[in-house]
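So the chains spell out like this:
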Amino acid sequence: NPVNTNRGFGLTGTDFVVLADMTDNATFLGEINLQTGRGGSSDLEHDVERFFVNYRIDPRFNVQAGLFFTPIGYNNRFLYARAWLMNSIQVPDFFEEELNLFPTHSIGVAAHGQFDFTNGHRIAYVVSAANGRPHTPDSAVYARDYTANKETTGLVEWLIPAFKGSPVGVGG
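Description of the structure in this document. Since the model is a prediction, treat every value here as computed from it, not as a measurement.

Basis of the calculations
Sequence order as written defines residue numbering, which begins from 1 separately in each chain. Local features are withheld for residues below a pLDDT of 70 in this predicted model, meaning they are given only at 70 or higher, and side-chain atom pairs are given and counted only at 80 or more; totals for whole chains, interfaces and linings count all residues. Working from all heavy atoms in the structure, the side-chain values ignore hydrogens and water. Runs of H or I in DSSP of at least four residues are treated as helices and runs of E of at least two as strands, each being numbered from the N terminus. Contact between two residues is taken to exist if any of their heavy atoms lie within 4.5 Å; hydrogens are not considered. All accessibility values rest on the Shrake-Rupley procedure with a 1.4 Å probe; residue burial counts only the protein chains present in the view. Within this document, salt bridges are pairs made up of a side-chain nitrogen of Lys or Arg and a carboxyl oxygen of Asp or Glu, the two lying within 4 Å of each other. Throughout, exposure labels follow a simple rule: accessible area from a 1.4 Å probe, protein chains only, divided by the maximum for the residue type, with under 20% read as buried, over 50% as exposed, and the rest as partly exposed. Whenever two N or O atoms come within 3.5 Å, that pair is a polar contact, provided that in protein one can donate a hydrogen and the other can accept it, and provided that, for residues adjacent in sequence, both atoms are side-chain atoms. Any two strands with at least two DSSP-identified bridges between them are counted as paired.

## A word on the overall build of the chain
- Helix and strand counts for the chain stand at one helix and eight strands.
- Across the chain, helices and strands are ordered from the amino to the carboxyl terminus as β-β-β-β-α-β-β-β-β.
- Long-range pairs, those at least 24 residues apart, make up 45% of the contacts in the chain between residues at least 6 apart in sequence.
- As displayed, the chain has an accessible area near 10600 Å², and 60% of this comes from carbon and sulfur atoms.

In structure tokens, the structure reads:
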């Protein structure tokens, strides 16, 4: 049964996103979700989804540091942003952060950028170094052991100039 299902009217949660230009090149993004507990009906929890600073150097090379979605695959990076390929009424278990089967969030640094080619084609990349999953996979992403469990991830995508820049890529 899907989580957070009840009879009648209800509200499972709401997202608050703060986006602030700190300088011409530095941007802060914070995203906090107020939601009912899994399977609950009235107790509110707060969940920090993203909390990072992005420094734009050049379209081909930029840096971000803080808490961000782990740059592995399309689903993980755009799951909570409700991208156009997301067609589920519920977060799939593979990406459900309470189960932590997949490292959905990372705390660390990432370099990202894209290279433009003719006819609107682009190659985009993200490389990150962060704290990995805790020893207990379903532990909170914020309560990390900062001396162990390091994680590096990489992603390369070909952005095809079709509907919303359709991506084809590989990451891990």
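## Considering the pattern of salt bridges
- Within the structure shown, the criterion is met by two salt bridges.
- One salt bridge in this structure joins Arg-50 and Glu-31, with 2.7 Å as the shortest N-O distance. One end of the pair, Arg-50, is in strand β3 (residues 44-58); the other, Glu-31, is in strand β2 (residues 26-36), and 19 residues separate them in sequence.
- By relative accessible area, which is 19% here, Arg-50 ends up buried.
- Residue Arg-60 pairs with Asp-58 through a salt bridge whose shortest N-O separation is 2.9 Å.

## Here's the deal with the environment of Glu-157
- With respect to the helices and strands, Glu-157 occurs in strand β7 (residues 150-160).
- Taking relative accessible area as the criterion, Glu-157 reaches 10% and is therefore assigned buried.
- Not counting residues within four places of it along the chain, the set of residues in contact with Glu-157 comprises Arg-77, Arg-122, Ile-123, Ala-124, Pro-167, Val-168 and Gly-169.

## Quick word on unusual backbone geometry
- Backbone geometry places Asn-119, a non-glycine residue, at a positive phi of 60°.
- Tracing the sequence through the fold places Asn-119 in the loop between β5 (105-116) and β6 (122-131).

## Let's talk about the side chain of Asn-131
- By secondary structure assignment, the location of Asn-131 is in strand β6.
- In this structure Asn-131 comes out as buried when scored by relative accessible area, which is 8%.
- At a separation of 2.9 Å, a polar atom in the side chain of Asn-131 contacts the side chain of Lys-150.

## Focus: the pairing of β3
- As defined by bridge partners, β2 adjoins β3 across 11 bridges and the pair is classed as antiparallel. Among the inter-strand pairings, Glu-31 is bridged to a residue of β3, identified as Arg-50.
- Summarising the sheet, β3 and strand β4 (residues 61-69) pair through seven bridges and their orientation is antiparallel. The residue bridging Asn-54 from the neighbouring strand is Gln-64, located in β4.
- Taking the residues that link successive antiparallel strands as the turn, the β3-β4 hairpin has two residues.

Spatial relationships are all this shows, so hold off on functional conclusions.
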